[in-house]
Amino acid sequence: ELSITVVTNMIDVMLAFTGKNRIKLIFLGGTFSDGKDGFVGALTNQEIRNFRFDKAFMGVVGIDLEGNSVTTYMAEDATTKKAILESSNKSYMMLETRKFAAEGNYVYAGVDDFTGAVLEKGVDAGVQKQMKAYPIEWII
């Protein structure tokens, strides 16, 4: 069994790992965001910058393969995600395939700023062709 440390600012993630054996759980505070069900902003970002993560997994609102952009809705969420990217050796988008057709209003990274993306299912041939333009790991 693998012994890991999970650091999160998201309440759902914290609850998922509460009481699990061999998992050290660290919860980050900050400004609560109802829309994100977690904590974001300057205080959260300050805490994040004290860590060095082996791997980070984060959700996205939208992804634009033509424009090389990854988006969210809130600037505070974007700055928190940027802090995570900067503190991580490897970073993965948790990407529902419907996000290829969605668009947030705040760009916080390029697709190529990530190590990879984890998708819940395969995508059509047109999207597959666009995905090949990026030297990242696509995990389906």
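Here the residue numbers are simple positions, counted from 1 along each chain's written sequence. Only residues with pLDDT of 70 or above have their local features reported here, since the model is predicted, and side-chain atom pairs are shown and tallied only from 80 upward, although totals for entire chains, interfaces and linings are computed over all residues. The side-chain values count all of the structure's non-hydrogen atoms but skip hydrogen atoms and water molecules.

Points about helix H3 (residues 75–86)
(1) Moving on: Secondary structure is summarised from DSSP: a helix means a run of H or I of at least four residues, a strand means a run of E of at least two, and numbering begins at the N terminus for each. To estimate how far a helix should reach, multiply one less than its number of residues by 1.5 Å. The first and last C-alpha atoms of H3 sit 16 Å apart over twelve residues, in line with the 16 Å expected at 1.5 Å per residue.
(2) Moving on: With a 1.4 Å probe rolled over the protein chains alone, any residue whose accessible area is under 20% of its type maximum counts as buried; one over 50% counts as exposed, and the rest are partly exposed. Within H3, burial applies to Asp77, Ala78, Thr80, Lys81, Ala83, Ile84 and Leu85.
(3) Moving on: In this analysis, two residues are considered to be in contact whenever any of their non-hydrogen atoms come within 4.5 Å of each other. Where H3 is buried, its residues touch strand S4 (38–40), helix H2 (42–48), strand S5 (53–59), strand S7 (69–72), strand S8 (88–95) and strand S9 (106–109).

Here we look at the environment of Val70
(1) Moving on: Position of Val70 among the secondary structure elements: in strand S7.
(2) Moving on: Separated by 38 residues in the primary sequence, Val70 and Tyr108 place their C-alpha atoms 6.2 Å from one another.
(3) Moving on: Setting aside its immediate chain neighbours within four residues, Val70 contacts Val60, Gly62, Ile63, Met93, Tyr106, Val107, Tyr108, Ala109, Gly110, Val111 and Phe114.

Structural notes on the pairing of S7
(1) Moving on: The two faces of S7 match: Ser69 and Thr71 on one face and Val70 and Thr72 on the other face are all buried.
(2) Moving on: Pairing between strands is defined by DSSP: at least two bridges between them are needed. Pairing between strand S6 (residues 62–64) and S7: three bridges, direction antiparallel. Bridging across to S7, Asp64 finds its partner in Ser69.
(3) Moving on: As defined by bridge partners, S7 adjoins S9 across three bridges and the pair is classed as antiparallel.

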